[in-house]
Amino acid sequence: RAWKAGERGLLSAPSRAVWAARAANRFSARVRWPIFARRRLHDRAASEVDMEIDQERIQSLIDSPSENLSVEVKNWIRPDEPHGQSKIIRAALALRNHDGGYLVIGFDDKTLSQDRANIPPDVRATYHSDAIQGLVGRFASEPFEIGVAFGQRGGLEHPVIVIPGGVKTPVASK
């Protein structure tokens, strides 16, 4: 018995249905799963994370932005455009797979200075938590909770996308 759908790295439509059934714990015991698929597809500890956002931490990220393994700084991103969606999704998945972190938006990622170009007219509406959650949930192989907080610097409001830690299984893009 060989797992034929993964031999070439492509999943056919029937394979996606098998994966969906596996995720819902309705799979046949006769299917031989590859080692990476034998892990739990749903991480209960991560999905039950309480999304308490520390506003002091958010403001400190806005006041003195810096990039490290748990903080990613990006220029203004348009979540309604495909390129912007791609940036948000890739950053959120990377932070999620590295046990959570923050995506700080509105700063030049090279100089870490405020990006005063391309500011959306309504920052809170553009980066509403439901819109960002829907975007990440649509493209992540395993849905996870995110939060959006806002801080101010120099009269400009900056969004910070908060990705909680506690991950035990990696998340990939669909």
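As the structure is a computational prediction, the values presented were derived from the model and not from experiment.

(A) Structural context of the overall build of the chain. Looking only at helices and strands, one finds six helices and four strands in the chain. Moving toward the C terminus, one meets the helices and strands of the chain in the order α-α-α-β-α-β-α-α-β-β. Here the chain, with 174 residues, has 38% of them falling under the buried criterion. Sequence-distant contacts in the chain: of pairs separated by 6 or more residues, those separated by 24 or more amount to 70%.

(B) Summary view of the pairing of strand β4 (residues 156-163). Counting buried residues in β4 gives eight out of eight residues, a clear majority hidden from the surface. Judged by which residues are buried, β4 turns out to be covered on both faces: Leu156, His158, Val160 and Val162 on one side and Glu157, Pro159, Ile161 and Ile163 on the other are all buried. Direction of pairing for strand β2 (residues 101-105) relative to β4: antiparallel, over a ladder of four bridges. Looking at β4, one finds that Leu103 is bridged to Ile161. Pairing between strand β3 (residues 147-153) and β4: seven bridges, direction antiparallel.

(C) Region of interest: helix α6 (residues 129-139). Within α6 the residues assigned to the buried category are Ile132, Leu135 and Val136. Buried residues in α6, looked at end-on, bunch into an arc of 90°, giving them a common side. Tucked inside the fold, the buried residues of α6 contact α4 (82-97), β3 and β4.

Rules and cut-offs
Residues numbered from 1 in each chain as written. Predicted model: local features only at pLDDT ≥ 70, side-chain atom pairs only at ≥ 80, totals over all residues. Heavy atoms only, no water. Helix = DSSP H or I, 4+ residues; strand = E, 2+ residues; numbered from the N terminus. Buried < 20%, exposed > 50% of the residue type's maximum accessible area, 1.4 Å probe, protein only. Contact = heavy atoms within 4.5 Å. Pairing = 2+ DSSP bridges. Arc of directions from axis to C-beta.

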